[in-house]
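Secondary and tertiary structure notes
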Amino acid sequence: MTSSSSPSQDTKRFAHSHPEGLRADALMEEDVAWSHEIDGEWDGDQLDRSERAALRRVAGLSTELEDVTEVEYRQLRLERVVLVGVWTSGTAQDADNSLAELAALAETAGALVLDGVIQRRDKPDAATYIGSGKAEELRDIVLESGADTVICDGELSPGQLIHLEDVVKVKVIDRTALILDIFAQHAKSREGKAQVALAQMQYMLPRLRGWGQSLSRQMGGGKGGGLATRGPGETKIETDRRRIREKMAKMRREIADMKTGREIKRQERKRHKVPSVAIAGYTNAGKSSLLNRLTGAGVLVENALFATLDPTVRRAKTPSGRLYTLADTVGFVRHLPHHLVEAFRSTMEEVGESDLILHVVDGSHPNPEEQLAAVREVIRDVGATDVPEIVVINKADAADPLTLQRLLRVEKRSMAVSARTGQGIDELLALIDNELPRPSVEIEALLPYTHGKLVARAHDEGEVLSEEHTPEGTLLKARVHEELAAELAPYVPAPAL
């Protein structure tokens with residue numbers, strides 16, 4: 001009787017004599033464990049063609065409540081959204097960070113993030129943003145999660161919006177519409193509301209769509225209706241566009257009138273030679289917290305994107321006693337919609353007209369360099385590239401020490417502070433004092449006690465070096481601007497012979 005060996009022994013014997021053949025057979029099986037003899041040294045996860053092209057889920061974005069007691073306190077049902085992004089350049093971590101920021105924007109707007117996916121492409125699809133096949137996969141994700149809205153991490157053209165909605169069967173909005181919605185919720189002042197309304201109308205004008213009878217033509221001229229003698233008139237959608245253009249023109253006039261009032265105040269500060277400092281930076285970097293710490297302004301502080309939109313100007317004094325103004329500006333964000341840049345241009349002029357920019361960046365952010373680049377792009381758009389800049393790395397108490405060291409090394413004019421704890425605030429005030437422009441004329445005058453107003457102006461508009469009260473009057477030595485120097489010139493003591 002011939003001896004027979006087991007199948008496993010035959011497989012091992014065949015593996016030693018024909019390793020290539022066994023590997024080929026193993027790859028044909030559906031589920032094969034990795035082995036050192038067959039695969040050699042492991043060189044990382046290998047993805048086949050279908051896995052590389054598939055939608056990749058980003059973990060940790062869902063904000064759905066798991067505790068039933070939290071749900072009971074909800075008064076309104078939040079909009080349930082799925083996020084989708086197209087990764088065209090950079091690393092996978094950059095794409096994940098961009099979608100995480102979109103999730104934070106969606107939460108700020110009051111939505112509930114259920115899921116988030118990213119599609120790797122050379123460029124967004126011209127028809128459906130992510131391609132027709134991936135759009136159908138996205139529809140399955142929407143049905144599975146029960147979402148009622150899809151938010152795309154980019155600005156969609158009107159055609160992309162329509163085609164993607166036709167496939168996924170729910171409402172689709174893009175990053176621009178989401179930011180506009182947040183601005184509309186947070187604008188409090190009359191000017192802020194007008195600027196947001198103008199930006200929304202600019203965005204909606206090319207995206208108007210007609211439904212059913214909305215595309216029918218209006219009745220033309222003639223008497224009594226019926227067959228009009230002058231032919232069909234403009235369509236309903238054309239009428240809507242014309243009305244929106246009329247409202248936009250009216251809104252621009254109103255914003256121009258409001259701009260005049262702010263320019264008058266700015267000219268008054270310039271006339272009195274009061275230096276100005278503008279606080280600019282990424283949203284949620286801590287600009288309002290820094291303003292409160294420096295001036296005690298009491299501005300709303302909240303851990304949310306675009307919590308404060310309305311610009312705030314407050315008076316402050318340097319350690320040497322010089323008066324200056326601090327202006328808190330609108331927060332910036334990556335890919336800030338150009339509609340908002342245009343609408344808020346009058347507000348952002350505070351940055352261009354200032355003598356110094358405090359560029360606040362969140363030191364605890366995963367990628368602070370990207371925040372710096374996004375803000376500088378907007379500063380360049382408003383024409384403020386010539387204004388001196390100090391990079392203020394905020395949240396130093398929560399930041400990674402290596403990140404702080406890297407930023408301080410790369411940014412030559414930078415300082416690490418914490419608006420929450422007060423760390424580095426004294427050093428920042430001293431740096432502001434050194435960087436602000438100083439009055440050009442140094443003068444010594446003996447002012448009679450009846451001219452106390454000139455002494456007060458020297459304190460407010462200049463830099464008092466010394467002040468001595470004598471029987472003849474106040475002996476004042478100060479640096480002042482040319483106009484005030486001309487008024488003080490008659491009181492300059494004659495040189496001793």
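Bear in mind that the values here come from a model prediction, so they are computed numbers and not experimental data.

1. Looking at the overall build of the chain
Each helix and strand in the chain was counted, giving 19 helices and 14 strands. For the chain, the residues scored as buried account for 43% of the 497 residues in total. Excluding contacts between residues fewer than 6 apart, the proportion of contacts in the chain whose partners are at least 24 apart in sequence is 68%.

2. Let's talk about the packing of aromatic side chains
Within the structure shown, the criterion is met by zero aromatic pairs. Between Arg 120 and the ring centre of Trp 87, over which it is positioned, the NZ or CZ distance is 4.5 Å.

3. Digging into the sheet that holds strand β12 (residues 441–447)
If you walk across this open sheet you meet the three strands as β12-β14-β13, and the pairing is antiparallel. One side of each edge strand has no neighbouring strand; the edge strands of this open sheet are β12 and β13 (463–469). Across the sheet, the axes of successive neighbouring strands diverge by a mean angle of 10°, strand direction being ignored. With seven bridges connecting them, β12 and strand β14 (residues 474–480) associate as antiparallel partners. For Glu 444, the partnering residue across the bridge sits in β14 and is Lys 477. Here helix α18 (residues 452–461) sits on the sheet in contact with β12, β13 and β14, set at roughly 145° to β13.

4. Let's talk about the sheet that holds strand β6 (residues 276–281)
Strands sit in the order β7-β8-β6-β9-β10-β11 across an open sheet of six strands; the sheet is mixed. Strand pairing shows two members of the sheet lacking a second neighbour, β7 (312–317) and β11 (414–416), which therefore form its edges. Here the strands of the sheet are splayed against their neighbours by 25° on average, with no regard to which way each runs. With six bridges connecting them, strand β9 (residues 356–362) and strand β10 (residues 389–394) associate as parallel partners. By the bridge assignment for β10, Leu 358 is matched with Ile 390. The strands that helix α12 (residues 287–295) touches are β6, β7, β8 (323–328), β9 and β10; relative to β8, the one it contacts most, it runs at about 160°.

5. Quick notes on the pairing of β7
With six bridges connecting them, β7 and β8 associate as antiparallel partners. Within the sheet, the bridge partner assigned to Lys 317 lies in β8 and is Leu 323. Where β7 folds back onto β8 in an antiparallel hairpin, the turn is made up of five residues, including Gly 321, whose phi is positive at roughly 100°.

6. Considerations on the side chain of Glu 165
Its location among the elements puts Glu 165 in helix α8 (residues 158–168). At 3.1 Å, the side chain of Glu 165 forms a polar contact with the backbone nitrogen of Val 172. Look past the residues within four positions of Glu 165 in its chain and what remains in contact with it is Val 170, Lys 171, Val 172 and Arg 209.

7. Some thoughts on the pairing of strand β2 (residues 79–87)
Burial runs high along β2: eight of the nine residues are buried. With nine bridges joining them, β2 and strand β3 (residues 111–120) adopt parallel strand pairing. Bridge assignment links Val 82 to a residue of β3, and that residue is Asp 115. Read as a crossover between parallel neighbours, the route from β2 over helix α6 (residues 92–109) to β3 is right-handed. Looking at chain direction, β2 and strand β4 (residues 149–152) are connected through four bridges and run parallel. Across the sheet, the residue bridging to Val 82 is Val 150, located in β4.

8. Focus on the packing of helix α9 (residues 175–186) against helix α10 (residues 190–204)
At a minimum axis separation of 10 Å, α9 and α10 run at an interaxial angle of 155°. The angle between α9 and α10 falls in the class roughly antiparallel. The interaxial crossing formed by α9 with α10 has left-handed handedness. For the pair formed by α9 and α10, the contact residues are Thr 176, Ala 177, Leu 180, Phe 183 and Ala 184 on the first element and Val 196, Ala 199, Gln 200 and Tyr 203 on the second. Of the residues assigned to the contact of α9 with α10, the class counts are seven nonpolar, two polar and no charged.

Calculation rules
Residue numbers restart at each chain and count upward from 1, following the sequence in its written direction. The predicted nature of this model means local features are confined to residues of pLDDT at least 70 and side-chain atom pairs, given and counted, to a pLDDT of 80 or more, with totals for whole chains, interfaces and linings taken over all residues. Remark: hydrogens and water are excluded; side-chain values derive from all non-hydrogen atoms of the structure. Secondary structure elements follow DSSP: runs of H or I of four or more residues count as helices, runs of E of two or more count as strands, with numbering from the N terminus. For every residue, the accessible area obtained with a 1.4 Å probe (protein chains only) is divided by the maximum for its type, and the residue is called buried under 20%, exposed over 50%, and partly exposed between those limits. A contact between two residues is defined here by any heavy atoms of the two lying within 4.5 Å. Aromatic pairs are defined between Phe, Tyr and Trp rings, using the six-membered ring for Trp, whenever the two ring centres lie within 6.5 Å; interplanar angles under 30 degrees are classed as stacked, those over 60 as edge-to-face, and all others as tilted. Charge-over-ring contacts are defined here by two conditions on Lys NZ or Arg CZ: a distance within 6 Å of the ring centre and an angle within 35 degrees of the ring normal. Any two strands with at least two DSSP-identified bridges between them are counted as paired. Where helices are involved, their axes are fitted lines through C-alpha atoms of the stretch in contact, as for all axes, and angles between N-to-C directions lie from 0 to 180°. Here a polar contact is taken to be a pair of N or O atoms separated by no more than 3.5 Å, where protein atoms must pair a possible hydrogen donor with a possible acceptor and residues adjacent in sequence count only if both atoms sit in side chains. With the strands aimed away from the viewer, a crossover counts as right-handed if its path from the first strand over the helix to the second runs clockwise. To sort the angles, those under 35 degrees are grouped as roughly parallel, those over 145 as roughly antiparallel, those from 65 to 115 as roughly perpendicular, and the leftovers as oblique. By definition, turning the near helix anticlockwise from the far helix through less than a right angle yields a left-handed crossing, and turning it clockwise yields a right-handed one. Any residue that is not Ala, Val, Leu, Ile, Met, Phe, Trp, Tyr, Cys, Pro, Asp, Glu, Lys or Arg is counted as polar, Gly included; the first ten are nonpolar and the last four charged.

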